[in-house]
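Each chain, letter by letter, is given below.
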Amino acid sequence: MTDVPAVLLGHRRKEFLLNTLATLRGLVGAGPLVIVDDSGDPEHHRWLDNQGLSFTVVDQRKNSGYLTAMQVVWQVAEAFKTPSFLFWEEDFLLTEPVDLSGITTLLDRNQD
């Protein structure tokens, strides 16, 4: 099984993001993570960079809204060129370990 890349949508809520990232350690089979940030806040972008996190900014100057942010999520996901990816938001928490291999196997078998 190839590792499943993850795209995480965020909006300047550092404490939520840190909690979420901590719980994502329970994902087995997760690949690279890219954060799509829709805050429009250059200070937050610097914070993400200082944390060593890979991120894509929706708009440097303003919050672009959920629709535009989701379009960027799909652009990032398509750039991975993998059959599947994991979508997450900064306030989603994983409550127990999850092995992505079973999920991807199920999806691969049932593509119709």
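Please refer to the structure higher up on the page.
Read on for a plain summary of the structure. (Residues numbered from 1 in each chain as written. Predicted model: local features only at pLDDT ≥ 70, side-chain atom pairs only at ≥ 80, totals over all residues. Heavy atoms only, no water.)

1. As for the overall build of the chain
Summing up its helical and strand segments, the chain has 4 helices and 6 strands in all. Each helix and strand of the chain, placed in order from N terminus to C terminus, yields the pattern β-α-β-β-α-β-α-β-β-α. In summary, the chain has a C-alpha radius of gyration of 14 Å against a globular reference of 13 Å for 112 residues, a match within 12%. Projected onto its principal axes, the C-alpha positions of the chain cover 45 × 30 × 20 Å. The proportion of buried residues among the 112 residues of the chain is 38%. For the chain, contacts bridging at least 24 residues in sequence account for 69% of all contacts bridging at least 6. (Helix = DSSP H or I, 4+ residues; strand = E, 2+ residues; numbered from the N terminus. Rg over C-alpha atoms; globule rule 2.2 N^0.38 Å. Buried < 20%, exposed > 50% of the residue type's maximum accessible area, 1.4 Å probe, protein only. Contact = heavy atoms within 4.5 Å.)

2. As for the sheet that holds strand β4 (residues 55–57)
Read from one edge to the other, the open sheet built from 4 strands follows the order β4-β3-β1-β5, with strand pairing classed as parallel. At either margin of the open sheet sits one strand with a lone partner, and together these are β4 and β5 (86–89). The average undirected angle you get between the axes of adjacent strands in this sheet is 25°. When strand β3 (residues 30–37) meets β4, the two strands line up parallel, connected through 3 bridges. By the bridge assignment, aspartate 37 is partnered in β4 with valine 57. Here helix α1 (residues 14–23) sits on the sheet and contacts β1 (4–10), β3 and β5; the angle it forms with β1, its principal contact strand, is near 165°. (Pairing = 2+ DSSP bridges. Axes fitted to C-alpha atoms, helices over the stretch in contact; angles between N-to-C directions.)

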